[in-house]
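Each chain, letter by letter, is given below.
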Amino acid sequence: MMQTISENRSFGGTQGVYSHASAACACDMTFAVFLPAEAAEGPVPVLWFLSGLTCTHENAMVKAGAQAWAAEQGIALVFPDTSPRGEGVANDEAFDLGQGAGFYVDATEAPWAGHFKMWTYVTDELPALLAANFPLDMERQAITGHSMGGHGALTLAMSLPGRFRSVSAFAPICHPTASDWGRKQFSAYLGANESTWAAHDATLLMQGQGFDGPVLIDTGTDDQFGNLLGTEHMAQAMAARRQEGQIRLQKGYDHSYFFISTFMEDHVAFHAEALYA
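Residues numbered from 1 in each chain as written. Predicted model: local features only at pLDDT ≥ 70, side-chain atom pairs only at ≥ 80, totals over all residues. Heavy atoms only, no water.

Caption draft 1: Main features of the overall build of the chain. Looking only at helices and strands, the chain has 9 helices and 9 strands in total. Taking 19 Å as the expected radius of gyration for a compact globule of 277 residues, we find that the chain reaches 17 Å, a close match to that expectation. On the principal axes, the C-alpha backbone points of the chain span a range of 50 × 45 × 35 Å. A total of 277 residues make up the chain; the buried ones form 60% of that total. When contacts within the chain are restricted to residue pairs at least 6 apart in sequence, long-range pairs at least 24 apart make up 72% of them. Summing over all exposed atoms, the chain offers an accessible surface of approximately 10,900 Å²; the carbon and sulfur share of this is 50%. The centroid of the 13 positive side-chain charges in the chain is displaced by 5 Å from the centroid of its 30 negative side-chain charges. (Helix = DSSP H or I, 4+ residues; strand = E, 2+ residues; numbered from the N terminus. Rg over C-alpha atoms; globule rule 2.2 N^0.38 Å. Buried < 20%, exposed > 50% of the residue type's maximum accessible area, 1.4 Å probe, protein only. Contact = heavy atoms within 4.5 Å. Areas by Shrake-Rupley, 256 points an atom, 1.4 Å probe, with all protein chains shown as cover. Lys, Arg positive; Asp, Glu negative; His and termini not counted. Charge placed at Lys NZ, Arg CZ, Asp CG, Glu CD.)

Caption draft 2: Quick peek at the packing of helix H2 (residues 66–73) against helix H9 (residues 257–275). Remark: H2 packs on H9, axes separated minimally by 9 Å, with the N-to-C direction vectors making an angle of 30°. Put simply, H2 runs roughly parallel to H9. As for the relative orientation of H2 and H9, their crossing is right-handed in sense. Contact with H2, carried on its side by Ala66, Trp69, Ala70 and Gln73, involves Met264, Glu265, Val268, Ala269 and Ala272 of H9 and no other residues of that element. Here the residues of the contact of H2 with H9 are counted per class, giving 7 nonpolar, 1 polar and 1 charged. (Axes fitted to C-alpha atoms, helices over the stretch in contact; angles between N-to-C directions. Parallel < 35°, antiparallel > 145°, perpendicular 65-115°, else oblique. Left-handed = near helix turned anticlockwise from the far one by under 90°. Nonpolar A, V, L, I, M, F, W, Y, C, P; charged D, E, K, R; others polar.)

Caption draft 3: Structural context of the packing of aromatic side chains. Applying the stated criterion across every chain yields a total of 15 aromatic pairs. On the numbers, 6.2 Å between centres and 85° between planes, the contact of phenylalanine 103 with phenylalanine 186 is edge-to-face. Here phenylalanine 103 is found in the loop between strand E5 (76–80) and helix H3 (118–133), whereas its partner phenylalanine 186 is found in helix H5 (residues 180–190), with 83 residues between them in sequence. One exposure class covers both phenylalanine 103 and phenylalanine 186, and it is buried. Ring centres of phenylalanine 186 and tryptophan 197 lie 6.0 Å apart, and the angle between their planes is 65°; on these two criteria the pair is classed as edge-to-face. (Phe/Tyr/Trp six-rings, centres within 6.5 Å; stacked < 30°, edge-to-face > 60°.)

Caption draft 4: Spotlight on the layout of surface pockets. When its volume is computed, the largest pocket comes out at roughly 200 Å³. Grouping the constituent residues of the lining of the largest pocket by class yields 6 nonpolar, 7 polar and 1 charged. (1 Å grid on protein atoms, 1.4 Å probe; cavity = no way out; pocket = protein on both sides within 12 Å on 5 of 7 lines; lining within 4 Å. Points joined across faces, edges and corners; volume = space filled by probe spheres on them.)

Caption draft 5: Region of interest: the pairing of strand E6 (residues 136–145). For E6, a buried count of 9 out of 10 residues is recorded, marking the element as mostly surrounded by other parts of the structure. Pairing geometry for strand E4 (residues 44–50) and E6, over 6 bridges, is parallel. Residue pairing across strands places tryptophan 48 opposite isoleucine 143, the latter belonging to E6. (Pairing = 2+ DSSP bridges.)

This is a description of form; function is not addressed.
This is the structure in structure tokens:
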């Protein structure tokens, strides 16, 4: 049963926040949906935004400035949470493990396996809930994300051929199996067998199969976490594969939502072109 937490008028449409009991994550999960005015007349295309470390559904909903551009294009926005939460859900003192740091994988190791099933949640459970409760055209989906969420957007897009028409990312973690933002979490969630990690590494997926649509990646030249992102590895993989897409290094920008909001219009327009093609 889905519960409505809030609904507010926004750019002619509605920004809502909702919760439900998740079977995948074995806890209550919260998510947000922006519906443009066109949704009153029938199903509209969908753009997912996967957030990064320490974030909830709320960060991008409030700070990315996406609703104005989505309203202009007649596109719905979906903002999932980044991990399971609540009493009894495993956590860690570090900001980059546990609650707020689900990494969009299905954990197989204790103490995480009982709740941390974010891959199943984002790819199966939440889409089914959305399709049943909102006027969304699930045949026209695109996906974007920031940092850890950029990692998730890229891996979902390449792992689910035909699901998403386009993928973009802001400062994504591109090569987690070769980064402290990846090796630490994959060891904890997936175990010591590194062969299981490859399915969640965007650079390795790009080398192996690529994406069946356009790709757009923006990263700031002053990103304070630049050495953890592996942007150069993704650039090499895309070039070697002749992947349709762009990696743009934006002069002077860092890892913050000031960076994201600056280029959000570009990303929404990029996805709109694919969604309405």
